[in-house]
2 protein chains.
Amino acid sequence: MINKLVSNIRRTKAPIVVGLDPMLSYIPEHVQKKAFAEFGETLEGAAEAVWQFNKEIVDKTYDLIPAVKPQIAMYEQFGIPGLEAFKKTVDYCKSKGLVVIGDIKRGDIGSTSAAYAVGHIGRVQVGSKSYVPFDEDFVTVNPYLGSDGINPFIDVCRQENKGLFILVKTSNPSSGEFQDRMVDGRPLYEIVGEKVAEWGESHMGDEYSYVGAVVGATYPEMGKVLRKVMPKSFILVPGYGAQGGKGADLVHYFNEDGLGAIVNSSRGIIAAYKQEAYAGFGAENYGDASRAAVEAMVLDINSALENR
Amino acid sequence: MINKLVSNIRRTKAPIVVGLDPMLSYIPEHVQKKAFAEFGETLEGAAEAVWQFNKEIVDKTYDLIPAVKPQIAMYEQFGIPGLEAFKKTVDYCKSKGLVVIGDIKRGDIGSTSAAYAVGHIGRVQVGSKSYVPFDEDFVTVNPYLGSDGINPFIDVCRQENKGLFILVKTSNPSSGEFQDRMVDGRPLYEIVGEKVAEWGESHMGDEYSYVGAVVGATYPEMGKVLRKVMPKSFILVPGYGAQGGKGADLVHYFNEDGLGAIVNSSRGIIAAYKQEAYAGFGAENYGDASRAAVEAMVLDINSALENR
């Protein structure tokens, strides 16, 4: 799957991922109204609005991008119907050739981690049959519990050719409370990064490991260090756009081959129609606004990479 | 909800929680067969087996225990039908007067953490209506992302009188890889524990905080220290029984008032019928075996507390 991600990035020349994190407040009123007319103001109605919103954005951007990253919390908040919309979104994006990164940030130990892994990127056994419940291509995982939490995921990745992005340094302001604490003269995130590199060695694709890392766009100096600590790990970079990261800040997240990082934007793309720059499209044409925002983001990052 | 947990513990004189973590391999063949006969060897069949298994254990133990802790991964692995069984289990346990601790170990930032919080312990707004999607009483949360990840959960807890248990020191062998790293002469878990105490001050019940901590039974010396670091936080203690913890190891997790900790056992209770000690019950009577295992666990812990 890491090989597919690399080949999708090469084909589209776009080292980006669109975060499908649809808050109801991002969804244009006409989409919500239509869904509520059919299902009422119910969890099913919310889930339908989310799904229709996603579908339009995917239809308008899939040829430009290598991957999407649905944030499961935004679906899980609507209970079972929300999770059905998550599954529908995953399946639809895969049918369009996109790599799907399930942003689930799960993390537990032993058989419990294994259960999350089979549920999201593997297959679960039921008697003599097996099923692929959610079937993302990659998932994000929290490292706080150590190797006991990560290894069961890696075992499933190896069987299924799937991959992981492990949280190393997150993009939020308070990420330093624990992640930046100094351990033997080095910040904790560096130590986590070293473990990611070590875990990654056990499951390599052609050029990069199936085990990647999450490093926020908002900490470019740390990204520079972590790039060197994990040379064979893809870095998933949240925090571009709405959270403040810019293309020029991100060049050091990439290797010399122009690969090794994939930059996420969620609100900046999916709610582009709400920004001044794209307001001309109007809420009716929110998908076209998203397409224009994707083009601008790709240009910003590629220009920065060319001028480095 | 922390007040209800305390009052349930006082009533039952049982500072324990039963972990409803049903792997299919724990479920007696006759229960699986019946479910598969109705739904086939499908995700729905697996979910039905899980639900029927849980129901019997709850029916046979609910009068002895204050709380249950369903581990959502064990349901999520069966996709949407599995999550429906999770929801059914939560609702059923609440109807029996039990406090339900959703072991979800979620953790994200800002609006994403808020989405998990409303989905699991709060209510989500859809147009003019609001819904309680999963409706647990407490959830477990991962602290790696810092206050930005925890505060949105606390906000929802305050509105809904719900509570949290935040991972501090987990029970698994590799938990030390990051949690034990020394920061300014103290292990990271102590620093996380201090933050839990600080977060907890902002949301107090009558005697204890709504913000508790997870500290594994397998590290009693650390439990002793953390008890002092977080005097007003309930400690949820996994790792009893199958993972090696014993009642005598756990006395220092409790305060002088005999409260302040709640010890979880999962496999040791729900798969008791598979242990030599309870084999006499037979697989048909697995619920009675679980009841006997609960009684033995309560006796073990209470004896240790009386003899300290």
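This text follows the structure it describes.
Residues take numbers from 1 onward in each chain, read along the sequence in its written order. All chains are assigned letters beginning at A, and all ligands numbers beginning at 1, according to the order in which they are written. Owing to the predicted nature of the model, reporting of local features is limited to residues with pLDDT of at least 70; listing and counting of side-chain atom pairs is limited to 80 or more, with chain, interface and lining totals taken over all residues.

**Regarding the sheet that holds strand S3 (residues 99–106) of chain B**
Residues and elements named next belong to chain B.
Now for step 1: Strands qualify as paired when DSSP identifies two bridges or more between them. We count a stretch as a helix when DSSP gives it H or I for four or more residues in a row; a strand needs E for two or more, and each element gets its number in order from the N terminus. Pairing is parallel around the closed barrel formed by eight strands, whose spatial order is S1-S2-S3-S6-S7-S10-S11-S12. Between one strand axis and the next, the sheet turns by 30 degrees as a mean value, whatever way the strands run.
Now for step 2: Note: strand S11 (residues 235–237) against strand S12 (residues 261–265), three bridges, orientation parallel. Within S12, the residue paired with Leu236 across the bridge is Ile262.
Now for step 3: Against the sheet, helix H5 (residues 79–95) contacts strand S1 (16–20), strand S2 (67–70) and S3, and its axis sits at roughly 175 degrees relative to S2.
Now for step 4: Once C-beta atoms have been placed from the backbone, residue pairs whose C-beta atoms lie within 7 Å are recorded as contacts. Structural elements are reduced to axes, namely lines fitted to C-alpha atoms, with helices fitted over the stretch in contact, and the angle between N-to-C directions of any two is expressed from 0 to 180 degrees. This element, helix H7 (residues 147–160), spans strand S6 (138–141), strand S7 (163–169) and strand S10 (211–215) of the sheet and lies at about 150 degrees to S7.

**Section: the relation of the copies chain B and chain A**
Now for step 1: Copy-to-copy superposition: least squares on the C-alpha atoms, limited to residues that have pLDDT of at least 70 in both copies. Here chain B sits on chain A after a turn of 180 degrees about the axis and a move of 0.0 Å along it, with an RMSD of 0.0 Å. Taken together, the turn and the small shift mark the pair as related by a two-fold rotation axis. By C-alpha distance to the rotation axis, the residue of chain B lying nearest is Val183 of chain B, at 2.7 Å.

**Points about helix H12 (residues 286–306) of chain A**
Residues and elements named next belong to chain A.
Now for step 1: Between its first and last C-alpha atoms H12 spans 30 Å; for 21 residues at 1.5 Å apiece the expected length is 30 Å, and the two agree.
Now for step 2: Turning to H12, its buried residues number three or more, namely Tyr286, Gly287, Ala289, Ser290, Arg291, Ala292, Ala293, Val294, Met297 and Ile301.
Now for step 3: Buried residues along H12 sit against strand S1 (16–20), helix H3 (43–61), strand S12 (261–265) and helix H11 (267–270). Each residue after the first adds 1.5 Å to the expected span of a helix. Exposure classification rests on a simple neighbour count of other C-beta atoms within 10 Å of a residue's own: a residue reaching 20 or more is buried, one at 12 or fewer is exposed, and one in between is partly exposed. C-beta atoms are placed from the backbone.

**Comments concerning the environment of Glu84 of chain A**
Now for step 1: Within the fold, Glu84 of chain A resides in helix H5 (residues 79–95).
Now for step 2: Remark: the alpha-carbon pair of Glu84 of chain A and Glu48 of chain A, spanning 36 residues in sequence, is separated by 9.5 Å.
Now for step 3: Discounting residues that sit within four places of it in the chain, Glu84 of chain A has contacts with Ala47 of chain A together with Ile80 of chain B.

**Re helix H2 (residues 29–39) of chain A**
In an α-helix, one turn spans 3.6 residues; hence positions three or four apart end up facing the same way.
All names here are of chain A.
Now for step 1: Residues of H2 that are buried include every one of Val31, Gln32, Ala35 and Phe36, and no others. Taken around the axis of H2, the buried residues stretch over an arc of 125 degrees, which confines them to a single face. Along H2, the residues that are exposed and aim more than 90 degrees away from the buried face are Glu29, His30, Ala37 and Glu38.
Now for step 2: Close packing links the buried residues of H2 with H3.
Now for step 3: Just downstream of H2 lies Gly40, where phi reads positive at about 80 degrees. The reported arc concerns the directions from the helix axis to the C-beta atoms and nothing else.

**Looking at the pairing of S6 of chain B**
In the case of a regular strand, side chains alternate between the two sheet surfaces.
All names here are of chain B.
Now for step 1: A two-sided burial pattern is seen for S6, the buried positions comprising Phe138 and Thr140 on one face and Val139 and Val141 on the other.
Now for step 2: Pairing of S3 with S6, which is carried by three bridges, proceeds in the parallel orientation. Counted as the bridge partner of Gly102 is Val139 from S6.
Now for step 3: Looking at chain direction, S6 and S7 are connected through four bridges and run parallel. Bridging from a neighbouring strand, Phe138 pairs with Gly163 of S7.
Now for step 4: At this point the chain moves from S6, through H7, to the parallel S7, and the crossover so formed is right-handed. Clockwise travel from the first strand over the helix to the second, with the strands pointing away from the viewer, marks a crossover as right-handed.

**So, the packing of H2 of chain A against H3 of chain A**
Residue and element names in this part refer to chain A.
Now for step 1: One way to put it is that H2 packs onto H3 with a least axis distance of 8 Å and a crossing angle of 140 degrees. The angle between the axes of H2 and H3 places the two elements in the oblique class. The handedness of the crossing between H2 and H3 is right-handed. From H2, Val31, Gln32, Ala35, Phe36, Glu38 and Phe39 reach across to H3, where they touch Glu44, Gly45, Glu48, Ala49, Gln52 and Phe53.
Now for step 2: The residue classification treats Ala, Val, Leu, Ile, Met, Phe, Trp, Tyr, Cys and Pro as nonpolar and Asp, Glu, Lys and Arg as charged. All others, Gly included, are polar. Classifying every residue of the contact of H2 with H3 gives six nonpolar, three polar and three charged. Should an angle lie under 35 degrees it is considered roughly parallel, over 145 roughly antiparallel, and from 65 to 115 roughly perpendicular; all remaining angles are considered oblique. In this scheme the crossing of two helices becomes right-handed for a clockwise turn of the near helix relative to the far one and left-handed for an anticlockwise turn of less than a right angle.

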